[in-house]
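# Structure at a glance
Here is what each chain is made of, one letter per residue.
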Amino acid sequence: MKKLSGSDVLVVDDNSANTLVLKAMVERYGVHADTAESGMEAIEKTCSKSYDFVLMDYLMPDMDGVETIRQIKFVTSETDGTVFFGVSATVDAQVKELFDKAGATDVLRKPVKKEELEAALIENGFEIDVTESEEQEDEDQTMFLSSVDGLNYEEGLSLMAGSLENYMKVLAVSVRNIIENYNMIDVIKNTEQMETMTLHFHSLKGIFLNIGADELAEQSKRLEFAAREFENPYVHEMMDGYLEKVKKFHDQLEKACIFFKEQDKNKSNSEVMPVSEFMKNVEKLKEYIQDFNYIDIIEMLEKMMGSASADRQEILNKVYDNIQNFEYDTAYEILNNITEN
């Protein structure tokens, strides 16, 4: 048996909300988790670092998870001991066979349940410390999420092992991903671009499953299937009603995230971060920006913003806004202009 704590893990998914969910889940066990948002990025990371196990998404643009595993095994040592787990919203005989032939030992269904992940790890020789690293949040701390129609936040929290902080990080990323997919579908909704629609419906299905929005996940699934089968009349008939529900859900979820962020700021009584520590974090943040590592960027910004002086808080807010608008170069330049004074 190999101790799970201290293991190196790679989480691969083209959807940043999905990577954040799985990253938060496995880090509960004391592992070191890296992320990749494409097959090519996963190959690059496995070439420069050896991982104990990899959680590999199935459907990704350009290169799917099955082909990515094949390529990783081709360009790295076959005997390095890395265990591959496929991750897919659809787990049937065909998907299992594809992953099995590529060299994966098991396929986990999205959204990945804690119990299923643990069972797969134990079966593959990992020893798990059953001590929980996080306690269940009190119910009254989550009541503000009840304002989001269609969000089963209790289910979403269970995926995060009860950690409200991790769940809110997932929801914040989901807000951005939902509106991105919504906007893309809205642009082409009156066209016949069914293959493109299929990708966006699939992406939204995964997001909604990860956060506990089961009804919207089911609607997204039906539209994904219809678009894949080129059932154009059905897709066009259902489109406006579906988009209206998605936009309403997004807006309510965004308000809930803003509320939590404000409450979190009000509760924070931490001292101002020492200048030396702040500058070290600035350099680390610049590295994350150069690597376009969105999840680590946001986590570091939130950490710094919670204990920054008023003037630095204003600067970090500008960096945050630019990151949200994908203006990475501008965000980097703002950080470059920060001095130790």
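Structure: above.
Scope of this entry: the structure provided in the associated data block. (Residues numbered from 1 in each chain as written. Predicted model: local features only at pLDDT ≥ 70, side-chain atom pairs only at ≥ 80, totals over all residues. Heavy atoms only, no water.)

### Digging into the overall build of the protein
The condition is simple: Under the scheme used here, helices are H or I runs from DSSP no shorter than 4 residues and strands are E runs no shorter than 2 residues, and both carry numbers assigned from the N terminus. To get the radius of gyration, use the C-alpha atoms; to get the globule rule, take the number of residues to the power 0.38 and multiply by 2.2 Å. We call a residue buried when its accessible area falls under 20% of the maximum for its residue type, exposed when it is over 50%, and partly exposed in between, using a 1.4 Å probe and counting protein chains only. Any two residues having at least one pair of non-hydrogen atoms within 4.5 Å are treated as being in contact. In these tables, accessible area is a Shrake-Rupley quantity obtained with a 1.4 Å probe, and a residue counts as shielded only by the protein chains included in the view.
A count of helices and strands for the protein gives 14 helices and 7 strands. Expected size for 341 residues packed as a compact globule is a radius of gyration near 20 Å; at 21 Å, the protein falls within 12% of this value. Overall, the C-alpha framework of the protein stretches about 60 × 50 × 40 Å when taken along its three principal axes. Each of the 341 residues in the protein was classed as buried or not, and the buried ones make up 50%. Long-range contacts, defined as pairs at least 24 residues apart, comprise 67% of the intrachain contacts of the protein with a sequence gap of at least 6. Counting every atom, the protein has about 17000 Å² of accessible surface; 48% of that belongs to carbon and sulfur.

### Looking at helix 11 (residues 275-290)
The line we're drawing: Each residue after the first adds 1.5 Å to the expected span of a helix.
End to end, helix 11 covers 23 Å across 16 residues, agreeing with the expected 22 Å (1.5 Å per residue, within 8%). Of all the residues in helix 11, the buried ones are Phe278, Met279, Asn281, Val282, Leu285, Lys286, Tyr288 and Ile289. Packed against the buried residues of helix 11 are helix 12 (294-305), helix 13 (310-324) and helix 14 (328-336).

### Some remarks on the pairing of strand 5 (residues 83-88)
Side-chain direction in a regular strand flips from residue to residue, so the side chains alternate between the two faces of the sheet. Filter applied, for reference: Here a strand pair is declared whenever DSSP counts at least two bridges between the two strands. Handedness of a crossover: with both strands directed away from the viewer, a clockwise path from the first strand across the helix to the second marks it as right-handed.
Of all 6 residues in strand 5, 6 are buried; the element is thus mostly enclosed. Alignment of strand 4 (residues 53-57) against strand 5, held across 5 bridges, turns out to be parallel. Pairing of Asp57 across the sheet is with Val87, part of strand 5. Of the pairings in the sheet, the one linking strand 5 to strand 6 (residues 106-109) comprises 4 bridges and is parallel in character. Each bridged residue has a counterpart across the sheet, and for Val87 the counterpart in strand 6 is Leu108. Since strand 5 and strand 6 lie parallel, the crossover through helix 4 (residues 93-102) that links them has a hand, and here it is right-handed.

### Concerning the environment of Ser309
Structurally, Ser309 can be placed in the loop between helix 12 and helix 13. Residues Ser309 and Pro274, spaced 35 residues apart in sequence, show a C-alpha to C-alpha distance of 9.7 Å.

### Concerning the side chain of Glu155
This is how the line gets drawn: Under this rule, positive means Lys or Arg and negative means Asp or Glu; His and the chain ends count for nothing. Here, a salt bridge means any Lys or Arg side-chain nitrogen found within 4 Å of an Asp or Glu carboxyl oxygen.
Here Glu155 is to be found in helix 6 (residues 153-159). Within the buried set, Glu155 has no salt-bridge partner at all; the shortest N-O distance to an opposite charge, 4.4 Å, is to Lys113. In contact with Glu155, not counting residues within four places along its chain, are Lys113, Gly212 and Asp214.

### Let's talk about the sheet that holds strand 5
For the record, the criterion: Angles shown run from 0 to 180 degrees and are taken between the N-to-C directions of axes, each axis being a line fitted to C-alpha atoms and, for helices, limited to the stretch in contact.
In spatial order, the strands read 3-2-4-5-6; together these 5 strands make up an open sheet with parallel pairing. The open sheet has two edge strands with one neighbour each: strand 3 (32-36) and strand 6. Each adjacent strand pair in this sheet contributes to an overall mean axis angle of 20°, direction not counted. Packed onto the sheet, helix 1 (residues 16-27) meets strand 2 (8-12), strand 3 and strand 4 and runs at close to 170° relative to strand 3.

### Quick notes on the pattern of salt bridges
Scanning all chains against the criterion turns up 23 salt bridges. Notably, a salt bridge pairs Arg176 with Glu180, separated by 2.9 Å at the nearest N-O pair. Of this pair, Arg176 and Glu180 both sit in helix 7 (residues 164-188), 4 residues apart, which is roughly one turn of the helix. On the basis of relative accessibility, which here comes to 28%, the residue Glu180 falls in the partly exposed class. Put simply, Asp8, Asp34 and Lys49 are held in one network by salt bridges that share partners.

### Description of the side chain of Asn281
With respect to the element layout, Asn281 can be found in helix 11. Those residues in contact with Asn281 that lie beyond four places of it in its chain are Met273, Met300, Lys303 and Met304.

### A look at unusual backbone geometry
In this structure, Pro111 follows Lys110 across a cis peptide bond, with omega equal to -10°. Its identity as a non-glycine residue notwithstanding, Asp62 has a phi of 75°, on the positive side. Judged by its relative accessible area of 88%, Asp62 falls in the exposed class.

### A short note on the nonpolar core
We apply this condition: By nonpolar core is meant a set of buried Ala, Val, Leu, Ile, Met, Phe, Trp, Tyr and Cys residues that side-chain atoms within 4.5 Å join together.
Ranked by internal contacts, the top residues of the largest apolar core, which has 71 residues, are Leu145, Phe208, Ile211, Phe249 and Ile323. The element contributing the most residues to this core is helix 7, with 11 residues. Those residues in contact with Leu145, other than ones at most four positions away along the chain, are Leu151, Tyr153, Leu164, Tyr167, Met168, Leu171 and Ala256.

### Looking at the packing of aromatic side chains
What counts here: Each pair of aromatic rings taken from Phe, Tyr and Trp, with Trp reduced to its six-membered ring, is defined by centres within 6.5 Å and is described as stacked if the planes are under 30 degrees apart, edge-to-face if over 60, and tilted in the remaining cases.
Counted by the stated rule, this structure contains 8 aromatic pairs. Ring geometry for Phe144 and Phe259: centres 5.3 Å apart, planes at 40°, overall tilted. Taken together, the positions of Phe144 in the loop between strand 7 (126-127) and helix 6 and Phe259 in helix 10 (residues 232-267) put the pair 115 residues apart, joining distant regions of the chain. By relative accessible area, Phe144 is classed as buried at 16%.

### Concerning the packing of helix 11 against helix 14
Our working rule: Convention used here: angles under 35 degrees read as roughly parallel, angles over 145 as roughly antiparallel, angles from 65 to 115 as roughly perpendicular, and any remaining angle as oblique. For any helix crossing, the convention is left-handed if the near helix is rotated counterclockwise from the far helix by under a right angle, and right-handed if that rotation is clockwise. Under the grouping applied here, Gly and all other residues not named as nonpolar or charged are polar, the nonpolar ones being Ala, Val, Leu, Ile, Met, Phe, Trp, Tyr, Cys and Pro and the charged ones Asp, Glu, Lys and Arg.
Where helix 11 contacts helix 14, the axes come no closer than 10 Å and their chain directions differ by 160°. Considered as vectors, helix 11 and helix 14 are oriented roughly antiparallel to each other. The interaxial crossing formed by helix 11 with helix 14 has left-handed handedness. In this structure, helix 11 contributes Val282, Leu285, Lys286, Ile289 and Gln290 to the contact, and helix 14 contributes Tyr328, Ala331, Tyr332, Leu335 and Asn336. Partitioned by chemical class, the residues of the contact of helix 11 with helix 14 number 7 nonpolar, 2 polar and 1 charged.

Any functional reading would require information beyond the geometric quantities listed.
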